[in-house]
Amino acid sequence: AQSVAQPEDQVNVAEGNPLTVKCTYSVSGNPYLFWYVQYPNRGLQFLLKYITGDNLVKGSYGFEAEFNKSQTSFHLKKPSALVSDSALYFCAVRDIWANNLFFGTGTRLTVIP
Amino acid sequence: ETGVTQTPRHLVMGMTNKKSLKCEQHLGHNAMYWYKQSAKKPLELMFVYSLEERVENNSVPSRFSPECPNSSHLFLHLHTLQPEDSALYLCASSQPGQGGNTEAFFGQGTRLTVV
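Described in the following lines is the structure provided in the data block. Keep in mind it's a predicted model, so treat the numbers as computed, not measured.

**Description of the pattern of salt bridges**
Residue and element names in this part refer to chain B. For the coordinates displayed, the defined rule picks out six salt bridges over all chains. When the shortest N-O distance is used, the salt bridge between Lys22 and Glu24 registers 4.0 Å. Exposure remark for Lys22: the relative accessible area of 31% places this residue in the partly exposed category.

Right under this line is the structure:
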């Protein structure tokens, strides 16, 4: 069975500070991992994905994520947070045998000016 | 714009009404999905269509009825809903034939309120 855990409902960070949004996953095989962002009253927007290769993946808007197989984690990071990064962030996983994405419960990021 | 368009953006309906949600994608994808997003819950996958055939139905009540007339269009027909069905309904599309490693593209959602 596939599952994703986002242990923090809410993350607050000061503008200009680095941010981390945590994600751990569980799949039976090799995972495909994704991060999405959702702004108020909008759908989900794709940020980045890990398929294979380098464990550090770079995506849109300066975000990056690090795949750690031993810890089954895929934490989202950004070196310097912007107020405009405030949104709801979702981690998702798909294993190579499935068509479907399984999402976590989301983490609300608030960047404080 | 993600290339996936949902209409209407907002819908208020009574429990005895019949309404439909529409989703359209212009990305050439061959898989389409309906998700339900409720507060404090993970996104719930409702239906998956691949090449216009339904391949998964995650035990969704029969008051929700999907229709996929072609690879670009997806509908969700609603009938005798309950207040707990109020949620944001998201449509997505992807091209899973490339090994499953492609991301899904989402529409902006329909905010449904059942009164």
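This is not the end of the story, as more comes after the structure.
**Comments concerning the packing of aromatic side chains**
For any pair of aromatic rings, geometry is given as the distance between the ring centres together with the angle between the planes. Residue and element names in this part refer to chain A. Enumeration over the complete set of coordinates arrives at 13 aromatic pairs over all chains. Here the aromatic rings of Tyr36 and Phe46 are separated by 6.0 Å at their centres, their planes lie at 70°, and the arrangement is edge-to-face. Separated by 10 residues along the polypeptide, Tyr36 in strand E5 (residues 31-38) and Phe46 in strand E6 (residues 44-50) bring together distant segments of the chain. A relative accessible area of 0% means that Tyr36 is categorised as buried. Accessibility expressed as a relative area gives 24% for Phe46, which makes it partly exposed. Aromatic side chains Phe90 and Phe103 sit 6.4 Å apart centroid to centroid with 85° between the ring planes, which places their arrangement in the edge-to-face category.

**Quick word on the state of the cysteines**
Residues and elements named next belong to chain B. Applying the stated criterion across every chain yields a total of two disulfides over all chains. Between the sulfur of Cys23 and that of Cys91 lies a disulfide, 1.9 Å long from S to S. An S-S torsion of about -75° defines the bridge between Cys23 and Cys91 as left-handed. A residue pair is termed long-range when its members are at least 10 positions apart, and Cys23 in strand E3 (residues 18-25) and Cys91 in strand E9 (residues 87-94) qualify at 68 residues.

**A short note on the sheet that holds strand E8 (residues 73-79) of chain B**
All names here are of chain B. The sheet built from four strands is open, its strands ordered E1-E3-E8-E7 with antiparallel pairing. The sheet terminates laterally at strand E1 (4-7) and strand E7 (64-70), the two strands that pair on one side only. Averaged over all pairs of adjacent strands, the angle between strand axes in this sheet comes to 20°, irrespective of strand direction. As defined by bridge partners, E7 adjoins E8 across five bridges and the pair is classed as antiparallel. Its bridge partner being in E8, Phe64 is matched across the sheet by Leu78.

**Some points on the nonpolar core**
Residues Trp35, Leu47, Leu48, Phe74, Leu76 and Tyr89 of chain A are the most contacted members of the largest nonpolar core, which totals 27 residues. Taken together, the elements giving at least two residues each to this core come down to strand E2 (10-14), strand E3 (19-21), E5, E6, strand E8 (64-68), strand E9 (73-78), strand E10 (87-95) and strand E12 (107-112) of chain A. Here the element with the most residues in this core is E10 of chain A; it accounts for four residues. Among residues more than four places away in sequence, those in contact with Leu48 of chain A are Leu33, Phe34, Trp35, Val57, Lys58, Gly59, Phe63, Glu64, Ala65, Phe74 and Leu76 of chain A. Membership of the second largest hydrophobic core comes to 22 residues, among which are Trp34, Phe47, Cys91 and Val114 of chain B.

**Details of the interface of chain A and chain B**
Residue-level contacts link 21 residues of chain A with 24 residues of chain B. Buried surface at the junction of chain A and chain B, summed over both partners, amounts to about 1,900 Å²; 50% is from carbon and sulfur atoms. The tally of links between chain A and chain B comes to one salt bridge. A salt bridge links Glu103 of chain B to Lys49 of chain A; the shortest N-O distance between them is 2.9 Å. Put simply, chain A and chain B have five residue pairs in polar contact (both at pLDDT 80 or more) between them.

Definitions and limits used
- Residues numbered from 1 in each chain as written.
- Chains lettered and ligands numbered in written order.
- Predicted model: local features only at pLDDT ≥ 70, side-chain atom pairs only at ≥ 80, totals over all residues.
- Heavy atoms only, no water.
- Salt bridge = Lys/Arg side-chain N within 4 Å of Asp/Glu carboxyl O.
- Buried < 20%, exposed > 50% of the residue type's maximum accessible area, 1.4 Å probe, protein only.
- Phe/Tyr/Trp six-rings, centres within 6.5 Å; stacked < 30°, edge-to-face > 60°.
- Helix = DSSP H or I, 4+ residues; strand = E, 2+ residues; numbered from the N terminus.
- Disulfide = S-S within 2.5 Å.
- Pairing = 2+ DSSP bridges.
- Axes fitted to C-alpha atoms, helices over the stretch in contact; angles between N-to-C directions.
- Core = buried A, V, L, I, M, F, W, Y, C linked by side-chain atoms within 4.5 Å.
- Contact = heavy atoms within 4.5 Å.
- Buried area = accessible area lost by both parts, 1.4 Å probe.
- Polar contact = N/O pair within 3.5 Å; in protein donor to acceptor, adjacent residues only side chain to side chain.

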